[in-house]
Amino acid sequence: KLPYLLDKTLGFRKNGEVLLSTNENWLLSYRPRTQKMTNTGIVGNSNSCNVDVFMATLVLVNGENGV
């Protein structure tokens, strides 16, 4: 049994984890493969938690080509 009521799904991580918000303003991470729920320790209501796409890159800034 979960100690929280889930509010909404915020997004999915590349590793397959699901980010969820609760009615008590906690951000949780759920691992479907292991069915484990983890409290991230981040507090904020579902309207203040945003999920954006992020891609790591090794582009050289201020290089010879002015990139």
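Whatever comes next refers back to the structure up there.
Residues numbered from 1 in each chain as written. Predicted model: local features only at pLDDT ≥ 70, side-chain atom pairs only at ≥ 80, totals over all residues. Heavy atoms only, no water.

A. Spatial organisation of the sheet that holds strand β3 (residues 26-31). One open sheet accounts for 4 strands, arranged β1-β2-β3-β4; its pairing is antiparallel. Since the sheet does not close on itself, it has two edges, and those belong to β1 (6-12) and β4 (36-43), each with one partner. Pairwise comparison of adjacent strand axes, ignoring direction, gives a mean angle of 30° for this sheet. Pairing of strand β2 (residues 18-22) with β3 involves 4 bridges; the strand directions are antiparallel. By the bridge assignment for β3, Ser21 is matched with Leu27. (Pairing = 2+ DSSP bridges. Helix = DSSP H or I, 4+ residues; strand = E, 2+ residues; numbered from the N terminus. Axes fitted to C-alpha atoms, helices over the stretch in contact; angles between N-to-C directions.)

B. Local environment of the pattern of salt bridges. All chains considered together, the criterion is met by 2 salt bridges. The closest approach of N and O atoms between Arg13 and Glu17, which form a salt bridge, is 3.1 Å. With a relative accessible area of 44%, Arg13 lands in the partly exposed category. Taking the shortest distance from any N to any O, the salt bridge between Glu17 and Arg31 comes out at 3.0 Å. Taken together, the positions of Glu17 in the loop between β1 and β2 and Arg31 in strand β3 put the pair 14 residues apart, joining distant regions of the chain. Given the relative accessible area of 30%, Arg31 is considered partly exposed. Each member of the salt-bridge network shares a partner with another, and the members are Arg13, Glu17 and Arg31. (Salt bridge = Lys/Arg side-chain N within 4 Å of Asp/Glu carboxyl O. Buried < 20%, exposed > 50% of the residue type's maximum accessible area, 1.4 Å probe, protein only.)

Treat this as a map of the structure, not an account of what it does.
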